[in-house]
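# Analysis of the macromolecular model
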Amino acid sequence: MAVTLNETPSGNRLHIGIFGKTNSGKSSFINAFSGQKVSIVADVAGTTTDPVYKAMEIYPLGPCVLIDTAGFDDKGELGALRIEKTELAAQKTELAIILFCEEEMKQEMKWYHYFKEKNTPVIPILSKTDLYMPEQREHLIELIRKTTGENVCPVSAATGEGIRELKELLARKLPEGYGNRMITGDLISADDLVMLVMPQDIQAPKGRLILPQVQTLRELLDKKCLVMSVTTDQYLAALKVLSKPPKLIITDSQVFSYVYEHKPQRSMLTSFSVLFAAYKGDLPYYIEGAKAIDSLTADSRVLIAECCTHAPLKEDIGRVKIPRMLKKRFGETLKVDLVSGTDYPEDLTPYDLIIQCGACMFNRKYVMYRIDRAKKQQIPMTNYGITIAHLTGILEHVSLP
Ligand SMILES: Nc1nc2c(ncn2[C@@H]2O[C@H](COP(=O)(O)OP(=O)(O)OP(=O)(O)O)[C@@H](O)[C@H]2O)c(=O)[nH]1
Ligand SMILES: [Mg+2]
């Protein structure tokens, strides 16, 4: 949970991935599109190796992350590593731009189908249009249109042709429901009093708030709710001064039991993790996954998937708290493996359960990709907050968005 207000959190930005052969002009395109020197451009195949992630505001799209990737046709061992990174970028991509540059388009179409299968909108581009004679250009546009069944956007990074039109097209192609997802669902509406219990402990970044708190606060303000934020030690004092109980209390899941024990009867209670489980993932699957906790034994193996790569602190929730709770209940021999960042095993079958963090660093598309993989291999999956709520016996008392 290391994302803070003043950094460039990418979890809630529209991720636009740029894909194409080596030398098709991806990096030049991203530079022209952003009006900045984001990526290195060279007349050598394989210039871009690791994907480049550039966060920026694009009118009329709003906050986005542009992802420049390595070309498809990378060969050799290093090539395989690059392709792996390109695949990771593809898993995060919510809107794909594929650069076509010649009649041969086998790889381009492979990626086109990959995105279509995942319901990710794709825009095919004919790149470097300044290099073609008019008939050749029309011929290629028609060929790409016929093969993909999509309108083709002709673009030249050299002359700037097509860039403005493309931005408008992107806004029209936004993924369905994009920007409409609510963190708090219909739990509350205007004028409702909402209390946020947000311990600012050693885990919290100095002088800042973590992203889930920032996003929730912003949404509540936009919804015209009356919001009160307290640290855990001020929770009881705050309840005392209020003339009526809060309609909803949203708490950090680490102090869930305490907040539940002292909550006014009429107040609904939920946690940031539960809200984000629904916002970023598949809440019904997570709740089903939490039930699988009860069938764990001393021989079970659990995977904890942490998205942040922060230096682990004392009492770290994924490394210390959850493993301790599980071992206490099912025995010290229960095995817990932890992966962090974008590491996530291909083969999940050795595990009886996967416990995912709140994923504030990642976008919904990527989290859903992880859940999908767990579903395909029939492995139950849940997240930190829901695990804690289940283990402390309060999941049934939690209000779901
Ligand atoms: N004439 C013209 N040349 C272009 C255009 N876009 C890119 N180029 C040239 O094509 C070459 C490759 O461009 P890059 O942007 O590095 O291509 P890339 O797809 O990022 O290549 P890799 O990173 O190696 O996969 C460079 O020499 C660019 O100057 C364009 O719109 N018009
Ligand atoms: Mg490049």
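As the structure is a prediction and not an experimental result, all values here were calculated from the model.

### So, the packing of aromatic side chains
- A full pass over the atoms with the stated rule returns 10 aromatic pairs.
- Their ring planes at 15 degrees and their centres at 5.5 Å tell us that Phe19 and Trp111 sit as a pair that is stacked. One end of the pair, Phe19, is in strand β1 (residues 14-20); the other, Trp111, is in helix α3 (residues 106-117), and 92 residues separate them in sequence.
- Residue Trp111 is classed as buried on the basis of its relative accessible area of 8%.
- The interplanar angle of 50 degrees and the centroid separation of 5.1 Å between the aromatic rings of Phe19 and Phe115 together place this pair among those described as tilted. With Phe19 in strand β1 and Phe115 in helix α3, the pair connects residues that are 96 residues apart, well separated along the chain. Across the pair, exposure class does not vary: Phe19 and Phe115 are buried alike.
- One Lys or Arg, Lys167, reaches over the ring of Phe33 and ends 5.1 Å from the middle of that ring.
- Cation over ring: Lys375 sits above Tyr285, and NZ or CZ is 5.3 Å from the ring centre.

### Observations concerning the sheet that holds strand β3 (residues 62-68)
- Judged by pairing direction, the sheet is mixed, and its 6 strands sit side by side in the order β2-β3-β1-β4-β5-β6 without closing on themselves. Only two strands of the sheet have a single neighbouring strand rather than two, namely β2 (52-58) and β6 (153-154).
- Where strand β5 (residues 122-126) lies against β6, 2 bridges are found, and the strand directions are parallel. Bridge pairing in β6 places Ile125 opposite Cys153.
- On top of the sheet, helix α5 (residues 163-172) reaches β1, β2, β4 (95-100), β5 and β6; it is set at about 165 degrees to β5, its chief contact.

### Observations concerning the domain arrangement of the chain
- The domains assigned to the chain are domain 1 (14-172), domain 2 (193-275) and domain 3 (282-397).
- The C-alpha-based centres of domain 1 and domain 2 are spaced at 43 Å.

### Section: the site of ligand 1
- Taken together, 23 residues sit near ligand 1, with Lys26, Ser28, Gly46, Thr47 and Asp130 positioned nearest.
- In the environment of ligand 1, an oxygen atom lies 2.8 Å from a nitrogen or oxygen atom belonging to the backbone of Ala157.
- When the free accessible area of ligand 1 is taken as 650 Å², the share hidden by the protein chains comes to 86%.
- The residue inventory of the shell around ligand 1, partitioned by class, reads 7 nonpolar, 11 polar and 5 charged.

### Considering the environment of Arg364
- Locating Arg364 in the fold gives a position in helix α12 (residues 364-376).
- Exposure remark for Arg364: the relative accessible area of 25% places this residue in the partly exposed category.
- Sequence separation of Arg364 and Glu94 is 270 residues, and the distance between their C-alpha atoms is 9.1 Å.
- Residues within four places of Arg364 in sequence aside, it is in contact with Arg181, Ala278, Tyr279, Lys280 and Gly281.

### Considering helix α9 (residues 272-280)
- Among the 9 residues that make up α9, 9 are buried, leaving the element largely enclosed by the rest of the structure.
- Listed as buried for α9 are Phe272, Ser273, Val274, Leu275, Phe276, Ala277, Ala278, Tyr279 and Lys280.

### Side note on the pairing of β3
- Burial runs high along β3: 6 of the 7 residues are buried.
- The pairing of β2 with β3 spans 7 bridges and is antiparallel. Looking at β3, one finds that Lys54 is bridged to Leu66.
- In textbook terms, the turn of a hairpin is the stretch between consecutive antiparallel strands, and for β2 and β3 this stretch comprises 3 residues.

### So, the nonpolar core
- Membership of the largest hydrophobic core comes to 58 residues, with the highest contact counts inside it found for Leu326 and Ile386.
- In terms of residues, this core owes the most to one element, helix α10 (residues 283-292), which gives 6 residues.
- Two domains each provide a minimum of three residues to this core, namely domain 2 (193-275) and domain 3 (282-397).
- Not counting residues within four places of it along the chain, the set of residues in contact with Leu326 comprises Ile293, Leu296, Val302, Gly331, Leu334, Ile355 and Leu391.
- Core analysis: the next-biggest nonpolar cluster, separate from the first, contains 23 residues, Ile30, Val38, Ile97 and Ile163 among them.

### Examining the packing of helix α1 (residues 26-34) against α5
- Where α1 meets α5, the axes come as close as 10 Å, and the angle between the chain directions of the two elements is 85 degrees. In terms of their interaxial angle, α1 and α5 are classed as roughly perpendicular. Contact residues: α1 offers Phe29, Ala32 and Phe33, while α5 offers Ile163, Leu166, Lys167 and Leu170.
- When the residues that make up the contact of α1 with α5 are grouped by side-chain class, the tally is 6 nonpolar, no polar and 1 charged.

### With respect to the sheet that holds strand β12 (residues 335-340)
- Taken together, the 4 strands give an open sheet; going across it, the order is β12-β11-β13-β14, and neighbouring strands pair in parallel fashion. For this open sheet the edge positions go to β12 and β14 (381-383), each flanked by a neighbour on one side alone. Across this sheet, the average inter-strand angle for adjacent strands is 25 degrees, counted without regard to direction.
- Here strand β11 (residues 301-306) runs beside strand β13 (residues 353-356); their pairing, made up of 4 bridges, is parallel. Bridge pairing in β13 links Ala305 to Gln356.
- Strands β11, β13 and β14 of the sheet are contacted by helix α13 (residues 384-391), whose axis makes an angle of about 90 degrees with β14.

Definitions and limits used
- Residues numbered from 1 in each chain as written.
- Chains lettered and ligands numbered in written order.
- Predicted model: local features only at pLDDT ≥ 70, side-chain atom pairs only at ≥ 80, totals over all residues.
- Heavy atoms only, no water.
- Phe/Tyr/Trp six-rings, centres within 6.5 Å; stacked < 30°, edge-to-face > 60°.
- Helix = DSSP H or I, 4+ residues; strand = E, 2+ residues; numbered from the N terminus.
- Buried < 20%, exposed > 50% of the residue type's maximum accessible area, 1.4 Å probe, protein only.
- Lys NZ or Arg CZ within 6 Å of the ring centre and 35° of its normal.
- Pairing = 2+ DSSP bridges.
- Contact = heavy atoms within 4.5 Å.
- Axes fitted to C-alpha atoms, helices over the stretch in contact; angles between N-to-C directions.
- Domains from an automatic or database assignment.
- Near = heavy atom within 4 Å.
- Polar contact = N/O pair within 3.5 Å; in protein donor to acceptor, adjacent residues only side chain to side chain.
- Areas by Shrake-Rupley, 256 points an atom, 1.4 Å probe, with all protein chains shown as cover.
- Nonpolar A, V, L, I, M, F, W, Y, C, P; charged D, E, K, R; others polar.
- Core = buried A, V, L, I, M, F, W, Y, C linked by side-chain atoms within 4.5 Å.
- Parallel < 35°, antiparallel > 145°, perpendicular 65-115°, else oblique.

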